[in-house]
Amino acid sequence: ARTPRDASRSLVVVIAMAAPVASPARLLAKPPPAATGAAATRRRNPRAVATMIPRATATTTESTKRPVVKTVSIGATFAALKKRGQCAFIPFICAGDPNLDATERAIAILDDEGADVIELGVPYSDPLADGPTIAQAATRALNAGTTLDKTLALLARVTPTTKAPIVLFTYFNPIYQRGFEAFVEAVAKAGAKGLLVPDIPLEETPELSAICAKNGVDLVLLSTPTTPEARMTKIAEASNGFIYLVSVTGVTGVRTNVESRVQELVSGLKKVTDKPIAVGFGISKKEQAAQVVGWGADGVIVGSALVRALGEAPTPEEGLERLTALAKELREGSNREGAKPAGKSGGASFFDRIMGKA
């Protein structure tokens, strides 16, 4: 895998949603080389990809120790939170950093610590929307042998025992290489409830969105501080599950302060849509999460801080401990004052989820 771009070359990135440009991945992606064996089978029959996710084995993993639960859709999750007057806590981690076993355990921890939705990133060699922390995490994961197929296999293991719906975060090139139908079918079969593709322009989304909808997967779109109002309205109309509002002009990463303009951006979006709005990029502390909640956001997305806690620790065990502590703090910061506990006013309780009543 190639080393991600140096941070100095990635100080400013224009998310593809912000301007009507052709997808760079579609323009630059080279046709895959001739394949043999299983790869050739996938080329002749793209649907075969969806059936090639390895089944969970009988070995004891974090997932096999947990009870099977019913995971509701992203929309149902936000609807339940709205009835409770609660804001969503949405953590992001990179699959395979520091290894896939740690990722599996991290998902269980985040679920237990109150994550409402979990973003799982597929490591990619040129993550244009990501700052140095997540880019380095992707490099570590790729060097450790993490692949898309292994990430999907991990998803298939964890989703039956994870209450929070999982959104798969991936760049466009892997989707293009496999084909829309094959890719989305594989994601759906693995149990993901959402898909987030930061480098696909709005004009390129209708076909992929239709395939996602057919397979019960929400295609989540992004709006940025530089998105014109008319385009922001179209993005809001096309996004499913929730709208990802990027809080800064730039890449992901830990920041000292959340830009005050976020309040204006949230208000602007709420004038044109009643869909949930989750704010991400630059949130790393309880106080910052609370500030975003106070500005009216429906969800708080935290990535780099959690990725750093987990992936940059001396050992995976210490990383999981740091992740747990930070997740507790951020969950607390994401709580809306006066929100009712789960199970009240329409919220799904733990036992409701287990019994399939949620």
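Residues numbered from 1 in each chain as written. Predicted model: local features only at pLDDT ≥ 70, side-chain atom pairs only at ≥ 80, totals over all residues. Heavy atoms only, no water.

With that settled, the discussion passes to the overall build of the chain. Helix and strand counts for the chain come out as 15 helices and 8 strands. When the 358 residues of the chain are sorted by exposure, 54% land in the buried category. Taking the contacts inside the chain whose residues are at least 6 apart along the sequence as the reference set, 77% of them involve residues at least 24 apart. Here the chain displays about 15,300 Å² of accessible surface, and carbon together with sulfur accounts for 53% of that area. (Helix = DSSP H or I, 4+ residues; strand = E, 2+ residues; numbered from the N terminus. Buried < 20%, exposed > 50% of the residue type's maximum accessible area, 1.4 Å probe, protein only. Contact = heavy atoms within 4.5 Å. Areas by Shrake-Rupley, 256 points an atom, 1.4 Å probe, with all protein chains shown as cover.)

On to the side chain of T273. Here T273 shows up in the loop between α11 (261–272) and β7 (277–280). For T273, a relative accessible area of 13% puts it in the buried group. Discounting chain neighbours no more than four positions away, the residues touching T273 are A236 and I243.

What follows concerns the nonpolar core. Residues L120, L168, L195 and L208 are the most contacted members of the largest nonpolar core, which totals 67 residues. Residue contributions to this core peak at 6 residues, all from helix α8 (residues 180–190). (Core = buried A, V, L, I, M, F, W, Y, C linked by side-chain atoms within 4.5 Å.)

A few words now on helix α12 (residues 286–294). Taken together, the buried positions of α12 are Q288, A289, V292 and V293. Viewed end-on, α12 has its buried residues packed into an arc of 140°, placing them on one side of the element. Residues of α12 that are exposed and angled more than 90 degrees away from the buried face: E287 and G294. Lining the buried residues of α12 we find β7, β8 (299–302) and α14 (316–334). Directly beyond the C-terminal end of α12, a positive phi value near 100° is found at G296. (Arc of directions from axis to C-beta.)

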